[in-house]
Amino acid sequence: GVIIYFLLGQSEEHLHDVFLGDISNISLHGLYSIYVILLISSIFFIYYWRKLLLLTISLEIAKVQGINVLGLNIAFMLIASLIVSATIEATGMLLLISLLIIPAATARIIASSPHTMAIYSIIISVCVTVCGSFIALYMQLPTGAVIAAFASLVFAVIYFSYWLISNNNRLSKL
């Protein structure tokens, strides 16, 4: 992708913005677009939460329950595409992918159900974004990179903490 980007004649600075984002360059129109897509995606996930969960657990059961699997998958991909296209300008690819994967992976470690995993994922996303932003501001570093690194650090700490706890519990049972 990077090679094609350079072959198309894009500058290195613009590539830097694509990877790391630049929140200061977002226009008012772009901000309104993000808010509208946030509203649409929130309504979609609230309304279709149970169907999406069932689809995730078992495709066959979802079909038997009468869920339009193809339609729901297409709608989900459309919402995800809208979110990515609206936020890429402000967040950059690094942060966008980090905030899509790392909070969910972290929440999966500590959650006891899909519902609590979704809630924990949102809380973790907000916390790492706020903390990472303050760290970046204080240390005068690129915000997106610091947030991504901080999210990775939080994941690593929680992962190894739970790993140590579970190994300690196994050893104590011997």
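Note that this is a predicted model, so its numbers are computed, not measured. (Residues numbered from 1 in each chain as written. Predicted model: local features only at pLDDT ≥ 70, side-chain atom pairs only at ≥ 80, totals over all residues. Heavy atoms only, no water.)

**Here's the deal with the overall build of the protein chain**
Move 1: Helix and strand content of the protein chain: seven helices and zero strands.
Move 2: When its helices and strands are written in sequence order, the protein chain yields α-α-α-α-α-α-α.
Move 3: Per-residue burial for the protein chain yields a buried fraction of 25% across its 174 residues.
Move 4: If you take every contact in the protein chain between residues at least 6 apart in sequence, the share linking residues at least 24 apart comes to 54%.
Move 5: Surface accessibility of the protein chain: about 12100 Å² in total, with carbon and sulfur atoms responsible for 72%. (Helix = DSSP H or I, 4+ residues; strand = E, 2+ residues; numbered from the N terminus. Buried < 20%, exposed > 50% of the residue type's maximum accessible area, 1.4 Å probe, protein only. Contact = heavy atoms within 4.5 Å. Areas by Shrake-Rupley, 256 points an atom, 1.4 Å probe, with all protein chains shown as cover.)

**Some words on helix α5 (residues 69–110)**
Move 1: For α5, spanning 42 residues, the distance from its first C-alpha to its last is only 29 Å, which falls clearly below the expected 62 Å at 1.5 Å a residue.
Move 2: Bending of α5 peaks at approximately 110 degrees at the position of Gly92. (Expected span 1.5 Å × (residues − 1). Bend = angle between axes of the 7 residues up to and from the residue.)

**Describing the packing of α5 against helix α6 (residues 114–139)**
Move 1: With their axes 8 Å apart at the nearest point, α5 and α6 run at an angle of 125 degrees to one another. Our classification of the angle between α5 and α6 gives oblique. The two elements α5 and α6 cross, and the hand of that crossing is right-handed. Residues Leu99, Pro103, Ala104, Thr106, Ala107, Arg108 and Ile110 of α5 form the contact with α6, whose own contacting residues are Met117, Tyr120, Ser121, Ile124, Ser125, Val128 and Thr129. (Axes fitted to C-alpha atoms, helices over the stretch in contact; angles between N-to-C directions. Parallel < 35°, antiparallel > 145°, perpendicular 65-115°, else oblique. Left-handed = near helix turned anticlockwise from the far one by under 90°.)

No statement about biological role is implied by the geometric values presented.
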